[in-house]
Amino acid sequence: MTPQIVLSFLSFVALSGITPGPANLTSLATSLTYGKYSALKQWIGLITGCITDAMISVLIAFFLGTALNEYVKYLAFVGVAYLLWMAFHMLKATYSTDQKEVKEPGFWRGYFLQLTNVKVILTCITALSSYVLPVTRSFPTLLIFGCCLGVIQPTCNLVWLFTGVALQKFFVKYQKIINVVMAVLLVLCAVSLAVVPFKG
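The shown structure was predicted, so the numbers you read here are calculated from the model rather than taken from an experiment. (Residues numbered from 1 in each chain as written. Predicted model: local features only at pLDDT ≥ 70, side-chain atom pairs only at ≥ 80, totals over all residues. Heavy atoms only, no water.)

Here's the deal with the packing of aromatic side chains
Then comes step 1: For the coordinates displayed, the defined rule picks out 9 aromatic pairs.
Then comes step 2: On the basis of an interplanar angle of 90° and a centroid distance of 4.7 Å, the ring pair of F9 and F145 is categorised as edge-to-face. In this pair, F9 sits in helix 1 (residues 3–18) while F145 sits in helix 7 (residues 139–166), placing the two residues 136 residues apart along the sequence. Of the two residues examined, F9 and F145, each falls in the buried class.
Then comes step 3: The interplanar angle of 75° and the centroid separation of 5.2 Å between the aromatic rings of F62 and F139 together place this pair among those described as edge-to-face. Of this pair, F62 sits in helix 3 (residues 36–64) while F139 sits in helix 7, and the two are 77 residues apart along the sequence.
Then comes step 4: By relative accessible area, which is 27% here, F62 ends up partly exposed.
Then comes step 5: Among the aromatic side chains, those forming a connected cluster through ring pairs are F107, W108, Y111 and F112. (Phe/Tyr/Trp six-rings, centres within 6.5 Å; stacked < 30°, edge-to-face > 60°. Helix = DSSP H or I, 4+ residues; strand = E, 2+ residues; numbered from the N terminus. Buried < 20%, exposed > 50% of the residue type's maximum accessible area, 1.4 Å probe, protein only.)

The structure is reproduced here in structure tokens:
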């Protein structure tokens, strides 16, 4: 495994982790509505879910090998539908500093959101099949790269979480405009995923 491949892998994962997606936008919305501590409780669920996704992807990569690429295109279509559903709900979302009426989100909401986050699953599978499998099918190596996937993406997610904390008043004031912007970002994510089946 050359340093160039490792650097390319890390760059891909970091860029995928920082771009808008269900987990990032949910962290932003949670920190806006409930504040930092509630968002961090949810984030612990997000990181646990991401590690679970990464480990499942490692097992799939190890047993399917290069044949894995055949299944990515089908997963992409599921991801498109999921992101469009998220965009629709983002348009209807409201942010308020009044936390009494709605149950506070926590670990399990974050965990199941990330566990079903097709963007994360696709990133894990694409990263392993594009950068690791062409070089080695060693299970320990796949496991190391899987751990990187499970940690880097939720770390990028913290940027969105703390952005919501820092700009809470601004987001509440301009929530309709911001909801439209975030919904559009999710739609753009869906469009980029729709291109995956036609690559190569």
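Let's pick the thread back up.
Some words on the nonpolar core
Then comes step 1: Formed by 15 residues in total, the largest nonpolar core has its most connected members in F9, L128, V132, L142 and L149.
Then comes step 2: The element that contributes the greatest number of residues to this core is helix 6 (residues 118–132), accounting for 5 residues.
Then comes step 3: L28, A87, W160 and I178 belong to the second largest nonpolar core, which has 10 residues in total. (Core = buried A, V, L, I, M, F, W, Y, C linked by side-chain atoms within 4.5 Å.)

Describing the side chain of N157
Then comes step 1: Residue placement: N157 occurs in helix 7.
Then comes step 2: Of the polar contacts made by the side chain of N157, one reaches the backbone oxygen of A23; its length is 3.2 Å.
Then comes step 3: Residues contacting N157, with those up to four places away along its chain left out, are A23, N24, S27, W43 and L46. (Polar contact = N/O pair within 3.5 Å; in protein donor to acceptor, adjacent residues only side chain to side chain. Contact = heavy atoms within 4.5 Å.)

As for the packing of helix 3 against helix 6
Then comes step 1: Helix 6 packs onto helix 3 with a crossing angle of 40° between their chain directions and a minimal axis gap of 9 Å. In terms of axis orientation, helix 3 runs oblique to helix 6. Judged by the twist between their axes, the crossing of helix 3 over helix 6 is right-handed. Residues C50, D53, A54, S57, V58 and A61 of helix 3 touch helix 6, and the partners they reach there are V120, I121, C124, I125 and L128. (Axes fitted to C-alpha atoms, helices over the stretch in contact; angles between N-to-C directions. Parallel < 35°, antiparallel > 145°, perpendicular 65-115°, else oblique. Left-handed = near helix turned anticlockwise from the far one by under 90°.)

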